[in-house]
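What the coordinates show
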Amino acid sequence: VQLVESGGGLVQPGGSLRLSCAASGFGFGSYGMRWYRQAPGKERELIAAITSAGGSTNYADSVKGRFTISRDNAKNTVYLQMNSLKPEDTAVYYCNTRLGDYDYWGQGTQVTVSS
C-alpha cells in the first residue's frame with residue numbers, strides 16, 4: 001500500500017489549495033479515505049472523510065463549509081479542495097485509509113497559510 005500526497009505549499013490567508021493523494025497497492029475503490037492534519041505541538045486531527053464510492057462525506061467543524069473532499073476511483077486519487085484558508089489551517093496534511101485493523105498513511109504535505 002502506498003499513499004503519496006502532493007499539492008501543499010505557501011498560500012496567503014483567504015487563498016485556496018487543492019491537495020491530491022495518489023493511492024496504489026490495494027483496491028482503492030473499495031475503501032473509504034480520510035484526510036488528517038497535524039499542526040506543530042498538536043495531535044493529528046481528522047478533518048474529512050469520504051466513503052468508497054464517494055457518496056457520503058464528513059467534515060470536522062473546523063473546516064466545514066471551506067474544505068471539500070472528493071475522489072476519482074478511475075485515477076485512484078483522493079482530493080482535498082481547501083478554500084478560504086486561515087493561518088490556523090497551517091499543518092502537515094496526511095491522507096489515510098484503513099484496511100482491516102491497520103491504518104496506512106502517506107508521508108504528508110506541508111500547508112502554510114501566511115501573509
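Structure shown above.
Here goes a summary of the coordinates provided. (Residues numbered from 1 in each chain as written. Predicted model: local features only at pLDDT ≥ 70, side-chain atom pairs only at ≥ 80, totals over all residues. Heavy atoms only, no water.)

**Remarks on the overall build of the chain**
Counting its regular elements, the chain contains 0 helices and 11 strands. Secondary structure elements in the chain, listed N-terminal to C-terminal, are β-β-β-β-β-β-β-β-β-β-β. Counting only C-alpha atoms and orienting by the principal axes, one finds that the chain spans roughly 40 × 25 × 25 Å. Counting all 115 residues of the chain, 39% fall into the buried class. Put simply, 51% of the contacts in the chain that link residues at least 6 apart link residues at least 24 apart. Carbon and sulfur atoms form 44% of the exposed surface of the chain, whose accessible area is close to 5,900 Å². In the chain, 11 side chains carry a positive charge and 9 a negative one; their mean positions are 4 Å apart. (Helix = DSSP H or I, 4+ residues; strand = E, 2+ residues; numbered from the N terminus. Buried < 20%, exposed > 50% of the residue type's maximum accessible area, 1.4 Å probe, protein only. Contact = heavy atoms within 4.5 Å. Areas by Shrake-Rupley, 256 points an atom, 1.4 Å probe, with all protein chains shown as cover. Lys, Arg positive; Asp, Glu negative; His and termini not counted. Charge placed at Lys NZ, Arg CZ, Asp CG, Glu CD.)

**Points about the state of the cysteines**
Evaluation of the coordinates by the stated rule reveals 1 disulfide. Across the disulfide from cysteine 21 sits cysteine 95; the S-S distance is 1.9 Å. Of note, the bridge from cysteine 21 to cysteine 95 carries an S-S torsion of about 45 degrees and is right-handed in sense. In this pair, cysteine 21 is assigned in strand β3 (residues 17-24) and cysteine 95 in strand β9 (residues 91-99), connecting sequence segments 74 residues apart. (Disulfide = S-S within 2.5 Å.)

**Some thoughts on unusual backbone geometry**
Even without being a glycine, asparagine 76 presents a positive backbone phi close to 50 degrees. Looking at where asparagine 76 falls in the secondary structure, it is placed in the loop between β7 (67-72) and β8 (77-82). Backbone geometry at serine 84 places phi at a positive 50 degrees, although glycine is not the residue there. Within the secondary structure, serine 84 is located in the loop between β8 and β9.

**Describing the pattern of salt bridges**
Going through the model one piece at a time under the given rule, you end up with 5 salt bridges. Ionic pairing is found between aspartate 61 and lysine 64, a salt bridge with its closest N-O pair at 3.3 Å. Both residues of the pair, aspartate 61 and lysine 64, belong to the exposed class. For aspartate 103, the salt bridge goes to arginine 98, with nearest N and O atoms at 2.6 Å. On the basis of relative accessibility, which here comes to 44%, the residue arginine 98 falls in the partly exposed class. Each of the salt bridges in this network shares a partner with another, and the network as a whole consists of Arg37, Glu45, Arg66 and Asp89. (Salt bridge = Lys/Arg side-chain N within 4 Å of Asp/Glu carboxyl O.)

**Notes on the pairing of β3**
Where strand β1 (residues 2-6) and β3 come together, 5 bridges link them in antiparallel fashion. Residue pairing in the sheet places leucine 3 in a bridge with alanine 23 of β3. Note: β3 against β8, 6 bridges, orientation antiparallel. Pairing of alanine 22 across the sheet is with threonine 77, part of β8. (Pairing = 2+ DSSP bridges.)

**Regarding the sheet that holds β3**
With antiparallel pairing, the 4 strands of this open sheet are ordered in space as β1-β3-β8-β7. Each edge of the open sheet carries a strand with a single partner, namely β1 and β7. On average, each strand axis in the sheet is inclined to that of its neighbour by 15 degrees, with strand direction left out of account. (Axes fitted to C-alpha atoms, helices over the stretch in contact; angles between N-to-C directions.)

Scope: geometric values only; no functional claims are made or implied.
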